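# Notes for the structure review
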Amino acid sequence: MRPASERDEGWFTNLYATHYPDIVRYGLRRLPDGDAAAELAQDVFVVLWRRRSEVPERALPWLYGVARHVVANRWRNLRGSPSLLPLAEADQVPTRLAEPEATTPVLDLHRALRVLPEADQEILRLVGWEDLSVADAAVVLSCTRSAAAVRLYRARRRLRSALAAPTPARAARPASANV
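So, a few notes on the structure that sits alongside this text.

Rules used in this analysis
- All residue numbers refer to position in the chain's written sequence, counted from 1.
- In keeping with the model being predicted, local features are shown solely for residues with a pLDDT of at least 70 and side-chain atom pairs are shown and tallied solely at 80 or more, while totals for entire chains, interfaces and linings include all residues.
- To obtain the side-chain values, all non-hydrogen atoms of the structure were included, while hydrogens and water were left out.
- Each helix is a run of H or I in the DSSP string that is no shorter than four residues. Each strand is a run of E no shorter than two, and both are numbered from the N terminus.
- For the exposure calls, accessible area comes from a 1.4 Å probe over protein chains only, and a residue counts as buried if that area is under 20% of its type's maximum, exposed if over 50%, partly exposed in between.
- We call two residues contacting when some pair of their heavy atoms lies within 4.5 Å.
- A 1.4 Å probe and the Shrake-Rupley method give the accessible areas. Residues count as covered only by the protein chains that appear here.
- Note on aromatic pairs: the rings of Phe, Tyr and Trp (six-membered ring only in Trp) are paired at centre separations within 6.5 Å, and the planes decide the class, stacked below 30 degrees, edge-to-face beyond 60, tilted for the rest.
- Whether a charge sits over a ring depends on NZ of Lys or CZ of Arg being within 6 Å of the ring centre and within 35 degrees of the ring normal.
- Note on method: axes are straight lines fitted to C-alpha atoms, helices fitted across the in-contact stretch only, with angles between N-to-C directions ranging 0 to 180 degrees.
- Our angle categories are set so that under 35 degrees counts as roughly parallel, over 145 as roughly antiparallel, 65 to 115 as roughly perpendicular, and the remainder as oblique.
- Less than a right angle of anticlockwise turn of the near helix away from the far helix marks a crossing as left-handed, whereas a clockwise turn marks it as right-handed.
- Whenever a carboxyl oxygen of Asp or Glu lies within 4 Å of a side-chain nitrogen of Lys or Arg, that contact is scored as a salt bridge.

## Quick look at the overall build of the protein
- In terms of regular secondary structure, the protein is built from eight helices and zero strands.
- Reading the protein from its N terminus to its C terminus gives the helix and strand order α-α-α-α-α-α-α-α.
- Each of the 179 residues in the protein was classed as buried or not, and the buried ones make up 37%.
- Here the contacts in the protein between residues at least 6 apart in sequence split such that 62% fall between residues at least 24 apart.
- Just so you have it, the protein exposes about 10,600 Å², and 55% of that area is on carbon and sulfur atoms.

The following block contains the structure:
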């Protein structure tokens, strides 16, 4: 990548073409629909252009950090709003997993993720869905690599506990139903 002083339209266009799909996918997992995810990506790239002198060589973790802040600002602005954002499309079960035996683990995972604190959800999504290393997740979260590693360890432990907990449907079944 070029030095900060040579970050022109060509540099921006290259980053945009390379990382726009990543930022849209990030938004799809956190926002209600594709339009909101595309709008998020546009906002992120506006920030990229304005702050181009601050962008590190490895731009994707930095872009995810900007996207995280943009999403957080949207949620804060909606807090006083009468309607909340619906579940993101990425939280819905994909049609290719329409078989009941295939959807059970996916539904259990989404259920377990929803009961975790937002900080746990974020570190798990960054490492699991966005496929970032712990070091890159630390950049997104604005913390040290060690802190991110500890957060990930604790989040995974809480996720395992949440997955092991009985689901409401399973817990409501009478004991004689298992006989």
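## Notes on the packing of aromatic side chains
- One pass over the full model with this rule turns up seven aromatic pairs.
- An angle of 80° between the planes, with centres 5.5 Å apart, marks the rings of Phe12 and Trp49 as edge-to-face. Of this pair, Phe12 sits in helix H1 (residues 9-28) while Trp49 sits in helix H2 (residues 34-50); the two residues are 37 residues apart in sequence, bridging distant segments of the chain.
- With a relative accessible area of 19%, Phe12 lands in the buried category.
- For the pair Tyr20 and Phe45, a centre-to-centre distance of 6.3 Å together with 35° between the ring planes defines the contact as tilted. Of this pair, Tyr20 sits in helix H1 while Phe45 sits in helix H2, placing them 25 residues apart in sequence.
- Tyr20 sits in the partly exposed class, given a relative accessible area of 21%.
- Assessed through its relative accessible area of 2%, Phe45 is described here as buried.
- Cluster of aromatic residues (ring-pair linked, three or more members): Phe12, Tyr16, Tyr20, Phe45 and Trp49.
- Sitting over the ring of Tyr26, Arg30 keeps its end group 3.6 Å from the ring centre.

## Points about the packing of helix H3 (residues 59-78) against helix H6 (residues 134-141)
- Where H3 meets H6, the closest approach of the two axes is 7 Å, and the angle between their N-to-C directions is 40°. Taken together, the axes of H3 and H6 are oblique relative to one another. Note that H3 runs across H6; the crossing there is right-handed. Where H3 approaches H6, its residues Pro61, Trp62, Tyr64, Gly65 and Arg68 are matched on the opposing element by Asp136, Val139, Val140 and Leu141.

## Observations regarding the pattern of salt bridges
- Scanning the entire structure with this criterion turns up eleven salt bridges.
- The salt bridge partner of Arg74 is Glu39, with a shortest N-O separation of 3.5 Å. Residue Arg74 is found in helix H3, and its partner Glu39 is found in helix H2; the two are separated by 35 residues along the sequence.
- Classification of Arg74 as buried rests on a relative accessible area of 17%.
- Taking the shortest distance from any N to any O, the salt bridge between Arg58 and Asp136 comes out at 2.1 Å. One end of the pair, Arg58, is in the loop between H2 and H3; the other, Asp136, is in helix H6, with 78 residues separating them in the sequence.

## A look at helix H5 (residues 118-128)
- The element H5 is extensively covered by neighbouring structure, given that eight of its eleven residues are classed as buried.
- Those residues of H5 that sit buried are Asp120, Gln121, Glu122, Ile123, Leu124, Arg125, Leu126 and Val127.

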